[in-house]
Amino acid sequence: MTDHNYALSITWTGNTGEGTKTLRSYSRNHEVTGEGLATIAGSSDPSFRGDPSRWNPEQLYLASIAQCHMLWYLALAAKEGVTVLNYEDRATGRMIEEDNGAGQFESVTLHPEVTISSDSDALLAEELHTRVGDYCFIARSIHTPIYHRATIKRAS
C-alpha cells in the first residue's frame with residue numbers, strides 16, 4: 001500500500017468590515033491555494049449568497065468526479081488497447097437541500113463523448129466506463145451514485 005498526502009490552504013477573503021455579524025454581513029469569497037499551483041477563486045453557490053463569477057464547492061465536487069473518471073478511463077483504455085483520440089464530458093449533478101438547510105448530492109451523471117481510433121473496439125470502449133468506479137479514488141471515497149451516459153464515436 002502506498003500512502004499519498006495532499007495539502008492546500010483555504011483563505012476566507014470575504015470580511016466586508018463586520019465579519020460574520022449576520023448572515024448578510026459578509027461575502028462567501030475565498031481562495032484555494034496549493035504550493036506551486038494557480039489560485040482558485042472560490043465562493044458559495046449564488047443560491048447561498050455566493051459570487052457567481054467564482055467556483056463553488058459543489059462545482060469543484062462535480063469537477064473532481066468527472067476529472068478522476070476521465071483520467072482512469074484514459075488509463076484503462078491505454079491498458080486495454082483502446083486508442084482514445086478525444087474525450088469531452090458535460091457532467092451534471094443534482095443536489096437536494098432539506099428544509100433545515102442541510103443537503104447532499106443525490107446523483108452525478110457523467111456524459112463523456114469519446115472518439116476512438118477506427119481500429120479500436122467500440123463495445124470495450126463503452127464497457128470501460130463501468131470499470132472506472134473500481135479504480136477512481138474520488139468515486140471510491142463518496143456515497144453519491146455516479147451514472148455514465150457515454151457516447152462512443154469511431155474516427156473515420
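The rules behind these values
- Residues numbered from 1 in each chain as written.
- Predicted model: local features only at pLDDT ≥ 70, side-chain atom pairs only at ≥ 80, totals over all residues.
- Heavy atoms only, no water.
- Domains from an automatic or database assignment.
- Buried area = accessible area lost by both parts, 1.4 Å probe.
- Polar contact = N/O pair within 3.5 Å; in protein donor to acceptor, adjacent residues only side chain to side chain.
- Nonpolar A, V, L, I, M, F, W, Y, C, P; charged D, E, K, R; others polar.
- Helix = DSSP H or I, 4+ residues; strand = E, 2+ residues; numbered from the N terminus.
- Buried < 20%, exposed > 50% of the residue type's maximum accessible area, 1.4 Å probe, protein only.
- Lys, Arg positive; Asp, Glu negative; His and termini not counted.
- Salt bridge = Lys/Arg side-chain N within 4 Å of Asp/Glu carboxyl O.
- Contact = heavy atoms within 4.5 Å.
- Core = buried A, V, L, I, M, F, W, Y, C linked by side-chain atoms within 4.5 Å.
- Expected span 1.5 Å × (residues − 1).

Naming follows an unreviewed UniProt entry, where the chain appears as Peroxiredoxin of Cryobacterium zongtaii.

> Honestly, the domain arrangement of the chain in this entry has me stumped. Any pointers?
Think of interface size as the accessible area that goes away when the parts come together; that is how it is often given. Each assigned domain of the chain is listed here: domain 1 (9–48) and domain 2 (57–154). Computed over C-alpha atoms, the centres of domain 1 and domain 2 are 29 Å apart. Counting each side, the surface lost to burial between domain 1 and domain 2 is near 320 Å², with a carbon and sulfur contribution of 71%. Counting the surface domain 1 buries against domain 2, the share from its top three residues, Ile40, Asp45 and Phe48, is 75%. The interface formed by domain 1 and domain 2 contains 0 residue pairs in polar contact (both at pLDDT 80 or more). For the side of domain 1 that touches domain 2, a count of residues per class yields 2 nonpolar, 2 polar and 1 charged.

> Looking at this model, I keep getting lost on the side chain of Arg28. Mind explaining?
Turning to its location among the elements, Arg28 is positioned in the loop between β1 (9–12) and β2 (30–33). Although buried, Arg28 forms no salt bridge, and the nearest oppositely charged side chain, Asp45, lies 11 Å from it. Of note is the side chain of Arg28, whose polar atom sits 2.8 Å from the backbone oxygen of Leu23. A polar side-chain atom of Arg28 sits 2.8 Å from the main-chain carbonyl oxygen of Tyr26. In this structure Arg28 touches Leu23, Gly42, Ser43, Ser44, Phe48, Arg49 and Gly50, once residues within four positions along its chain are discounted.

> Just checking my understanding: could you explain the nonpolar core for this structure?
Side chains of nonpolar character tend, in soluble globular proteins, to be buried together. By size, the foremost hydrophobic cluster in this structure holds 13 residues, and its most contacted members are Tyr73, Val82, Val114, Ile116, Ala125, Leu128 and Val132. Counting residues in each nonpolar core, the second largest holds 6 residues, with Ile65, Ala66, Phe105 and Val108 among its members.

> How should helix α1 (residues 57–80) be read in this particular structure?
Every α-helical turn comprises 3.6 residues, leaving residues that sit three or four positions apart pointing alike. Taking 1.5 Å per residue as the helical rise, α1 with its 24 residues ought to reach 34 Å, and the 34 Å between its terminal C-alpha atoms agrees with that figure. Listed in full, the buried residues belonging to α1 are Leu62, Ile65, Ala66, Cys68, His69, Tyr73, Leu76 and Ala77. Positive backbone phi, at 85°, marks Gly81, one or two positions downstream of α1.

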